[in-house]
Amino acid sequence: MPQETVWKEGLRAITHNNKINNVCPRTSLMKHWMRLCFLTDPRGKVPVKVVARTFASGKTEKLVYQCLSELGLPSGKNEAMEKEAFTFDKFYALYHKICPRNDIEELFRSITQGKSDRINLDQFVNFLNEKQRDPRLNEILYPLYDDKRALEIITDYEQNEEAKNDKCLTKDGLIRYLMSDENAPVFLDRLDQYMDMDQPLAHYYINSSHNTYLSGRQFGGKSSVEMYRQVLLAGCRCVELDCWDGKGEDEEPIITHGMAMCTDILFRDVIYALRDTAFVTSDCPVILSFENHCCKAQQYKLAKYCDEILGDLLLKEPLPDHPLEPGQPLPPPSALKRKIMIKNKRLKPEVEKQELELFRQGQFVIEDEVKEDASAVVVPEKKPEEVVAEAAAGGEEAPPPVAYTGSTTNVHPWLSSMVNYAQPIKFQGFEEAEKKNIYHNMSSFAETTGMNYLKSQAMDFVNYNKRQMSRIYPKGTRADSSNYMPQVFWNAGCQMVSLNFQTSDLPMQLNQGKFEYNGNCGYLLKPDFMRRADRSFDPFADAPVDGVIAAQCSVQVIAGQFLSDKKVGTYVEVDMYGLPSDTIRKEFRTRMVPANGLNPVYNEEPFLFRKVVLPDLAVLRFGVYDESGKLLGQRILPLDGLQAGYRHISLRTEANFPMSLPMLFANIELKIYVPDGFEDFMAALSDPRAFMGAAKERTDNMKAMGIEESAPEKKVTIEEKKEEPPLVFEPITVESLRQEKGFLKTGRKQQKELETMRKRHAKEKMAMQKQQCAALEKMIKGKNKEQLSGDAAFRTLVTEQSAAWSELVGRQRVEEWASARTRLHEQRDLLRKMMEQTQLAQMKQLEAKHDRELKEMNARQAKISMETSKEVANDKTLKTKQEKDRRLREKKQNNTKKFMDERKTQIIKHTREKEKLKGTHDKQLEELSKDVDNLIEMYKMEESEFEMATKTEFLA
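Residues numbered from 1 in each chain as written. Predicted model: local features only at pLDDT ≥ 70, side-chain atom pairs only at ≥ 80, totals over all residues. Heavy atoms only, no water.

Here's the deal with the environment of I255
With respect to the helices, strands and loops of the structure, I255 is situated in strand β5 (residues 254-255). Judged by its relative accessible area of 0%, I255 falls in the buried class. In sequence terms I255 and S223 are 32 residues apart; their C-alpha atoms lie 8.0 Å from each other. (Helix = DSSP H or I, 4+ residues; strand = E, 2+ residues; numbered from the N terminus. Buried < 20%, exposed > 50% of the residue type's maximum accessible area, 1.4 Å probe, protein only.)

Printed below as a string of structure tokens:
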């Protein structure tokens, strides 16, 4: 390898080491000391006034000179010291003399409980586990600190040999540990490339730039090739090239903001810059977003320069394992290492194939080339004013209306053939995109258009971004190159949220702070639920996401160091950005510490971010301001990877460059979010042994004081739930119904009708009996027995009378049975009606009880809501209206969930009671029908027996 290449790669390894921007405070002090050692006078000595300038923002020069004198160093204003005498140990001692760490001394006393000037091993282990460790971490992957690990820390940072031998830590040892790399505010492995890079491209956030060539305003701004180098070296992976026809003699295509009076640069120069810097910071793929306004003749030059200059870096054809077919996912970044992709309109596949073949055979004729005036070959597809408006907005031209979505006829086939996994199309709706299911199609949205889709179809937008890529760009009215807040589009899973890199505003700080993770490679893997097709996610919902545990974050800003080089008042703001429900801005601010930019002590009450629904997307921002509101320094820390405990947070400039000395000292607490009322339950689940031990200790202490153990008193702020006694209904039986007044009245009526029928039957029998007796008497008159026995007429008469009598008796019995059946049917109908009425009354009684219970529950829930509002309003710990509103919203959400569960339980209970009563009623009706049917069956059996027996009856 040539020496020049070795030297270049060695320098790049140093300058592009992501961890070098996250060095510990002690290393920062050492770097500053080295810088002071280089600021020598002509004699090679370090001037005293140069050293004094380091501490000028908070202390008087007289104090600095006095401290130098106490350290045995030259202390006169015009004196200088030998570099050999001004060692780092001397500078470190000077720092502690001028800026004593009283904040850490207070922490030291809290650990030792003020009883010792050393921290013993047990105390240090407890401090590490209870204060310096995130309790949410898996104890297998991130083991608890033990004596061995604590002893290693003591050995590394304790300078006092006696204390080290006694396995103790002095205050100086604690300070050295807290200012070391081992106590960084973020997990340092997150600064390396640690994410899975084998997922499809659409599953990543991609660091993206808008109108990359501009170094200033959107109108009348200056274009610069250097901007491409700078954004790529900063980790950007998607740059924009607005290509226009060159007007010079050479007709070289240019890059500029069309119709916006901006200067222009050559397209060719930009491609050279891309070749040289695309893969210095990262090997992940780069996307060139073409906004192509060139004629075909100059598009040929675009393709030629890309092919010749980029060479093998350019991805000219799809990968064999990832063909351009519907339903085929995009390739992963790992398969596209050191590859550059072009995002540009494509021809129809069949047209591209035909024209490309003609082009290769030298038979492809560009109509524009036959024109005499080559400078007038631009054939805009829209009116000039439309081109101006779209150029101002930085948007992309919509393709002409052709059958093949995303195709156009005004593209050179060679350039078209270079487009593969980033084919821009005009967006036609989420349903249409899902129906076509073409993963390599992507669309661009102005921030206003994207926001409208978010407001109306947020979940559809999220699902779209699971398959395909989307690009967001600033609206056209941002002439000052200001940026929109990218977080809202990250929440929807948009991959390319393009920003103006030349503007160091808050949105750009959030972008750079977020993409610093994963080795600053420009690609961040989206959360699981934003990638999987079987998961749904609403970016505007307040409810927790399935499978994601909400977090609670507390930040106490204790002190600052070297915040300004002037004696100014300073204060700190702590904000959080994430989901709309997680975003808290301009609420948490420390008090102003006047006239001290060197080492102000804030020692504020902790700022509590009580419920962070989605920690994976949330970031903390620390902003340090002077008394006039000027930003002195800031730092963006993603919550995913943030370390709990007492941490020194090095600050960045407005443009996110590291500042050597400025830092904050803060205590960060991270916990699992626990709703109100579940704290003890969560404590018992997290550490059952400790929870039971604390309970036993409390009981023992109470017994020692002579207090009998009793159930803990509960503060009751609302009426307790009232339970009505269960309703007990008397069973409805046939016997009980037959005792009812209505049934008895009907029974008496039926009995009267029966008696009337029986009297009629008796009369009929008596009449027939008299008639037959008279006929017999008339026939036997004057005849003896011998005569009658041989008289055929007599025997015939007797036979006829017997038949008549049998017929009368049979007819009367049939009438009696019919009457009995009629009576039984009437009784059954009446009993059924009476039973149904009684059952209906019972059901109404049960429903009335249910209504009373629901009414009581609604009143109780309304009272809880009122008590909750009063409780929040009277909570003195909530200092701002926003904090109270957020707390009230959280409590109302918890109450709503609890109320819904209560209602659901109550409805289930009521439904079961109704079903049980209805089952009892159905059984009663069944028994009633069975009872009456048995009686009817008995009469039927009698009738059948009568029919089967001989029917001849004789008058006795």
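Let's talk about the side chain of Q495
Here Q495 lies in the loop between α19 (487-490) and β12 (496-497). One polar contact links the side chain of Q495 to the main-chain carbonyl oxygen of N465, over a distance of 2.9 Å. In this view, Q495 contacts L201, A202, Y204, Y205, I206, N465, Q468, M469, S470 and K526; residues no more than four positions away in its chain are not counted. (Polar contact = N/O pair within 3.5 Å; in protein donor to acceptor, adjacent residues only side chain to side chain. Contact = heavy atoms within 4.5 Å.)

A short note on the nonpolar core
If you look at the biggest cluster of nonpolar residues, it comprises 129 residues, and the most contacted ones within it are L241, F267, L288, F609 and L620. No other element matches the six residues that helix α13 (residues 296-310) contributes to this core. Counting residues in hydrophobic clusters, the runner-up holds 53 residues, among them C67, F127, I153 and M179. (Core = buried A, V, L, I, M, F, W, Y, C linked by side-chain atoms within 4.5 Å.)

Section: the environment of D933
Inspection of the secondary structure assignment puts D933 in helix α27 (residues 881-948). What makes D933 partly exposed here is its relative accessible area of 35%. For the pair D933 and L824, spaced 109 residues apart in the sequence, the C-alpha separation amounts to 8.7 Å.

Considerations on the packing of helix α7 (residues 121-130) against helix α8 (residues 147-157)
Running from N to C, α7 and α8 point in directions that differ by 100°, and their axes come no closer than 10 Å. Taken together, the axis directions place α7 and α8 in an arrangement best described as roughly perpendicular. Judged by residue contacts, L121, D122, F124, V125 and L128 of α7 engage D147, A150, L151, I153 and I154 from α8. (Axes fitted to C-alpha atoms, helices over the stretch in contact; angles between N-to-C directions. Parallel < 35°, antiparallel > 145°, perpendicular 65-115°, else oblique.)

Quick look at the side chain of Q634
Among the structural elements, Q634 can be located in strand β19 (residues 631-638). What makes Q634 buried here is its relative accessible area of 0%. Looking at Q634, its side chain comes within polar contact range of the side chain of N656, at 3.4 Å.

Remarks on the packing of aromatic side chains
Throughout the structure, instances matching the rule amount to 33 aromatic pairs. Measuring from centroid to centroid gives 4.9 Å for F427 and F430, while their planes differ by 65°, and the two rings are edge-to-face. With a relative accessible area of 15%, F427 lands in the buried category. Ring pairs connect the aromatic residues W33, F55, F86, F88, F91, Y92, Y95 and F562, which therefore count as one cluster. In this structure, R26 is placed above the aromatic ring of Y92, and the distance from its NZ or CZ to the ring centre is 4.8 Å. (Phe/Tyr/Trp six-rings, centres within 6.5 Å; stacked < 30°, edge-to-face > 60°. Lys NZ or Arg CZ within 6 Å of the ring centre and 35° of its normal.)

Focus: the confidence of the model for the chain
Predicted confidence across the chain gives a mean pLDDT of 86, with 89% of residues reaching 70 or more. Taken as a whole, residues 368-407 scores under 50 in pLDDT and shows 83 contacts with residues more than four places along the chain or in a different chain. Within the model, pLDDT remains below 50 along residues 711-719, and this stretch shows six contacts once partners closer than five positions in the same chain are excluded. (pLDDT = per-residue confidence, 0-100.)

What to know about the pattern of salt bridges
When charged atoms on two side chains of opposite charge get close, those side chains can pair. Following the criterion strictly, the structure yields 48 salt bridges and no others. Ionic pairing is found between R535 and D528, a salt bridge with its closest N-O pair at 3.1 Å. Counted as one network, the salt bridges with shared partners bring together R760, E764, E807, R811 and E815. (Salt bridge = Lys/Arg side-chain N within 4 Å of Asp/Glu carboxyl O.)

Overview of unusual backbone geometry
Notably, K167 is not glycine yet its phi reads approximately 60°, a positive angle. Positionally, K167 belongs in the loop between α9 (161-165) and α10 (171-178). Phi is positive for M259, which is not a glycine, with a value near 60°. Here M259 lies in the loop between β5 and β6 (265-266).

Concerning the sheet that holds strand β4 (residues 238-244)
Pairing is mixed in the open sheet, where five strands are placed in the order β6-β5-β4-β7-β8. Of all strands in the sheet, those bounded by a partner on one side alone are β6 and β8 (340-343). Bridge count between strand β7 (residues 286-292) and β8: four bridges; the pairing is parallel. Bridged to S289 within β8 is K343. Taken strand by strand, helix α11 (residues 226-233) contacts β4, β5, β6 and β7, and its axis lies near 165° from that of β4. (Pairing = 2+ DSSP bridges.)

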